[in-house]
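# A look at the structure
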Amino acid sequence: MTATVIDGKAVSLKIKEQVQMRVETLKQQGVVPGLAVVLVGDNSASLTYVKNKQKTCEALGMRSDLLQFPESMAEADLLSTIDKLNNDPGIHGILVQLPLPSHIDEFSVIMAIDPQKDVDGFHPVSVGNMVIGHETLLPCTPHGIIKLLEHYDINPEGQHVVVIGRSNIVGKPVGQMLLQKNATVTFCHSKTQDLAKHTKQADIVIVAIGVAKFLNSKHLKPGAVVIDVGMNRDEKGKLCGDVDYEDVLETASFVTPVPGGVGPMTIAMLMENTVQSAENGLTKDKTGTTM
Ligand SMILES: Nc1nc(=O)c2c([nH]1)NC[C@@H]1CN(c3ccc(C(=O)N[C@@H](CCC(=O)O)C(=O)O)cc3)C=[N+]21
Ligand SMILES: [Mg+2]
């Protein structure tokens with residue numbers, strides 16, 4: 001039985017439609033959700049992603065400011081730029097494109113963003129709230145993965161989830177969020193002994209390690225759900241994931257393609273976070289309390 005291909009493009013479109021409606025409602029109340037994307041340096045990949053985010057923002061009727069600075073920008077200047085955005089009432093979401101040049105400390109930059117506008121969900125306050133299960137802006141890729149599972153009625157409750165990779169932007173948060181949804185979660189990483197022993201027990205495997213076509217059917221038990229967060233270039237320069245896609249089709253029950261799987265969901269959830277932040281701001285203004 002061939003695996004069902006999880007159509008991230010289609011699900012992301014559905015989410016963007018819902019965001020568009022929420023933008024319309026906000027506009028009737030005089031609020032235009034605004035996203036500021038800060039890009040330091042001219043790394044071409046980042047430029048493509050940033051342009052993609054801007055295009056999507058505008059297509060949904062939101063304001064999108066792109067602030068681009070030279071690679072040599074001083075950390076202090078970036079921090080004061082963020083401070084201005086924190087205080088700009090027309091900006092509800094702030095995203096500083098990573099990675100940053102090595103002379104800039106990423107942690108200080110993330111810490112400088114007002115958690116109310118932290119649409120990446122990278123700020124320690126956002127991460128802390130997510131881990132304890134408190135209302136917060138959730139990290140886009142992990143949240144997008146949860147939405148994909150929901151859309152295909154894949155209920156993580158009681159399921160054994162194996163996450164391979166423990167980055168702060170995908171591996172760690174997605175495991176915590178699935179724990180929050182009552183899954184049994186195993187975190188695997190480069191120091192894990194006998195990886196296949198763990199992955200062959202998994203009902204759901206999430207791969208986010210940046211190694212092209214790493215995971216194959218020998219890592220899986222029949223019927224496993226495979227979520228590929230990889231974003232690599234294969235020998236022909238084509239975008240490919242961390243999963244040997246053709247090889248797992250006959251073993252997995254569901255698999256996400258790269259491109260067209262998790263990637264588009266990341267963008268859609270960024271849009272949703274921006275609208276959510278604008279709605280939070282409105283609630284705060286009305287009730288004078290923070291969400
Ligand atoms: N502060 C910050 N937040 C981010 O969310 C962030 C970041 N920095 N730095 C870089 C990564 C990368 N990223 C992607 C988002 C969508 C696609 C995406 O839409 N991928 C499409 C393919 C796009 C293509 O064709 O290249 C897909 O997988 O179908 C890819 C990559 C967000 N990032
Ligand atoms: Mg750095």
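Residues numbered from 1 in each chain as written. Chains lettered and ligands numbered in written order. Predicted model: local features only at pLDDT ≥ 70, side-chain atom pairs only at ≥ 80, totals over all residues. Heavy atoms only, no water.

### Overview of the packing of helix H1 (residues 8-28) against helix H6 (residues 140-151)
At a minimum axis distance of 11 Å, the contact between H1 and H6 shows a crossing angle of 100°. As the angle between them shows, H1 and H6 are arranged roughly perpendicular. Where H1 abuts H6, its residues Gly8, Val11, Lys14 and Ile15 lie against Lys147, Leu148 and His151. The residue makeup of the contact of H1 with H6, split by class, is 3 nonpolar, 2 polar and 2 charged. (Axes fitted to C-alpha atoms, helices over the stretch in contact; angles between N-to-C directions. Helix = DSSP H or I, 4+ residues; strand = E, 2+ residues; numbered from the N terminus. Parallel < 35°, antiparallel > 145°, perpendicular 65-115°, else oblique. Contact = heavy atoms within 4.5 Å. Nonpolar A, V, L, I, M, F, W, Y, C, P; charged D, E, K, R; others polar.)

### Some details on the site of ligand 1
In the vicinity of ligand 1, 16 residues are found, and the nearest of them are Val96, Leu98, Asp120, Pro259 and Gly260. Between aspartate 120 and ligand 1, the recorded distance is 2.7 Å, taken from a side-chain N or O atom to a nitrogen atom. Relative to its free-state accessible area of 670 Å², ligand 1 is covered by the protein chains to the extent of 79%. Listing elements by their share of the shell around ligand 1, those giving two or more residues are helix H2 (44-59), strand S4 (93-96) and helix H10 (262-287). (Near = heavy atom within 4 Å. Polar contact = N/O pair within 3.5 Å; in protein donor to acceptor, adjacent residues only side chain to side chain. Areas by Shrake-Rupley, 256 points an atom, 1.4 Å probe, with all protein chains shown as cover.)

### Focus on the environment of glutamine 18
For glutamine 18, the position within the fold is in helix H1. By relative accessible area, glutamine 18 is classed as partly exposed at 39%. Spatially, the C-alpha atom of glutamine 18 lies 8.6 Å from that of glutamate 272, the residues being 254 residues apart in sequence. (Buried < 20%, exposed > 50% of the residue type's maximum accessible area, 1.4 Å probe, protein only.)

### Points about the sheet that holds strand S11 (residues 254-255)
Each strand in a sheet pairs with another by means of backbone hydrogen bonds, the pair being arranged parallel or else antiparallel. Pairing in this open sheet of 6 strands is parallel, and the strands run S1-S11-S8-S7-S5-S6 from one edge to the other. At either margin of the open sheet sits one strand with a lone partner, and together these are strand S1 (4-5) and strand S6 (184-188). Pairing analysis gives 5 bridges linking strand S5 (residues 160-164) to S6, with the strands arranged parallel. By the bridge assignment for S6, valine 162 is matched with threonine 186. This element, helix H7 (residues 171-180), spans S5, S6 and strand S7 (204-207) of the sheet and lies at about 165° to S6. (Pairing = 2+ DSSP bridges.)

### Remarks on the domain arrangement of the protein chain
How big an interface is tends to be stated in terms of the accessible area lost upon association of its parts. One can read the domain layout of the protein chain as domain 1 (30-115) and domain 2 (140-263). One C-alpha centre belongs to domain 1, the other to domain 2, and the line joining them spans 29 Å. (Domains from an automatic or database assignment.)

### Quick notes on the pairing of S5
Look at any regular strand and the pattern is simple: side chains alternate between the two faces of the sheet. Counted residue by residue, S5 has 5 buried out of 5 residues, so it is predominantly covered. Going residue by residue along S5, you find His160, Val162 and Ile164 tucked away on one face and Val161 and Val163 tucked away on the opposite face as well. Taken together, S5, H7 and S6 constitute a β-α-β crossover, and its handedness is right-handed. Examined bridge by bridge, S5 and S7 share 4 bridges and lie parallel to one another. Bridged to isoleucine 164 within S7 is valine 207. (Right-handed = clockwise from strand over helix to strand, strands pointing away.)

### Comments concerning the UniProt feature "binding site: NADP(+)" (unreviewed entry) in the protein chain
Residues given the UniProt feature "binding site: NADP(+)" (unreviewed entry) here are Gly165, Arg166 and Ser167. As for its placement among the helices and strands, glycine 165 is situated in the loop between S5 and H7. The class of glycine 165 is buried, set by a relative accessible area of 8%. Residues contacting glycine 165, with those up to four places away along its chain left out, are Gly171, Cys188, His189, Ala208 and Ile209. Looking at the secondary structure, you find serine 167 in the loop between S5 and H7. (UniProt positions renumbered as here; feature names shortened; annotations may be inferred.)

### A short note on the environment of serine 126
Topologically, serine 126 is positioned in helix H5 (residues 124-132). The spacing of serine 126 and proline 33 is 93 residues in sequence and 20 Å in space, taken between C-alpha atoms. Apart from the residues lying within four places of it in its own chain, the contact partners of serine 126 are Pro115, Asp118, Gly121, Thr136 and Leu137.

### Remarks on the side chain of lysine 53
You can see lysine 53 is positioned in helix H2. At 6.1 Å, aspartate 120 is the nearest oppositely charged side chain to lysine 53, a buried residue that forms no salt bridge. Polar contacts involving the side chain of lysine 53 include one to the side chain of glutamine 97, which spans 2.9 Å. Dropping the residues within four chain positions of it, lysine 53 is found in contact with Leu95, Gln97, Ile267, Leu270 and Met271. (Lys, Arg positive; Asp, Glu negative; His and termini not counted. Salt bridge = Lys/Arg side-chain N within 4 Å of Asp/Glu carboxyl O.)

### Quick notes on the pairing of strand S8 (residues 225-228)
Side chains Val225 and Ile227 of S8 all project onto a buried face; the interleaved residues Val226 and Asp228 project onto the opposite face, where all are buried too. Where S7 and S8 come together, 4 bridges link them in parallel fashion. Looking across to S8, one finds that isoleucine 204 is bridged to valine 225.

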